[in-house]
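Results of the structural survey
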Amino acid sequence: MDSFDLIKTFHEVAARGSFSRAAIALDMSKATVSKYVAELETRFGVRLLNRSTRSVSLTDAGQLLLERSKPVM
């Protein structure tokens, strides 16, 4: 997995507000989407998403990454 795939997956989760909906849009398993976001968080050393049982929201670091990576997407 390269960095672009990780960021693309993060963008889908952020846009859809759900790991499940992002997995459907990306034609991946929910576990793979979760693994990609976790890997991105590990690489940056920060939490990018706040997760609850019903929703996903961006942390401040996640919002910053989303804004700064939009030109690449």
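Look above for the structure.
None of these values were measured; they are calculated from a predicted model. (Residues numbered from 1 in each chain as written. Predicted model: local features only at pLDDT ≥ 70, side-chain atom pairs only at ≥ 80, totals over all residues. Heavy atoms only, no water.)

Some points on unusual backbone geometry
A negative phi holds for most residues other than glycine; trans holds for most peptide bonds. This is how it is decided: Starting at the N terminus, helices and strands are each numbered in turn, a helix being any DSSP run of H or I of at least four residues and a strand any DSSP run of E of at least two.
Here the phi dihedral of Asp-27 falls at roughly 55 degrees; this positive angle occurs in a residue that is not glycine. By the element assignment, Asp-27 lies in the loop between helix 2 (19–26) and helix 3 (30–44).

Brief notes about the pattern of salt bridges
To be explicit about the condition: One speaks of a salt bridge when a side-chain nitrogen belonging to Lys or Arg is within 4 Å of a carboxyl oxygen belonging to Asp or Glu. Categorising residues by exposure relies on relative accessible area from a 1.4 Å probe, with only protein chains included: less than 20% of the type maximum marks a residue as buried, more than 50% marks it as exposed, and the intermediate range marks it as partly exposed.
Using the criterion set out here, one finds 3 salt bridges in the structure. Salt-bridge contacts for Arg-43 lead to Glu-39; the nearest nitrogen and oxygen are separated by 2.9 Å. Placement of both Arg-43 and Glu-39 in helix 3 is noted, with a separation of 4 residues, approximately one turn of the helix. Here Glu-39 falls in the partly exposed class, since its relative accessible area comes to 27%.

As for helix 4 (residues 60–69)
Put simply, the rule is: Arc, as used here, means the arc of the directions from the helix axis to the C-beta atoms. Residues are treated as being in contact if the distance between any of their heavy atoms lies within 4.5 Å.
Listed in full, the buried residues belonging to helix 4 are Gly-62, Leu-65, Leu-66 and Ser-69. Down the axis, helix 4 shows its buried residues gathered within 100 degrees of arc, on one side only. Counted as exposed and oriented over 90 degrees from the buried face of helix 4: Asp-60 and Arg-68. Those residues of helix 4 that are buried lie in contact with helix 1 (3–16), helix 3 and strand 2 (56–58).

Focus on the side chain of Glu-41
Our working definition: Pairs of N or O atoms within 3.5 Å make up the polar contacts considered here, provided that, within protein, one atom can donate a hydrogen while the other can accept it, and that residues adjacent in sequence are counted only when both atoms are side-chain atoms.
Mapped onto the elements, Glu-41 comes out in helix 3. Reaching out from Glu-41, the side chain makes a polar contact with the backbone nitrogen of Leu-48 at a distance of 2.9 Å. Apart from the residues lying within four places of it in its own chain, the contact partners of Glu-41 are Val-46, Arg-47, Leu-48, Leu-49 and Arg-51.

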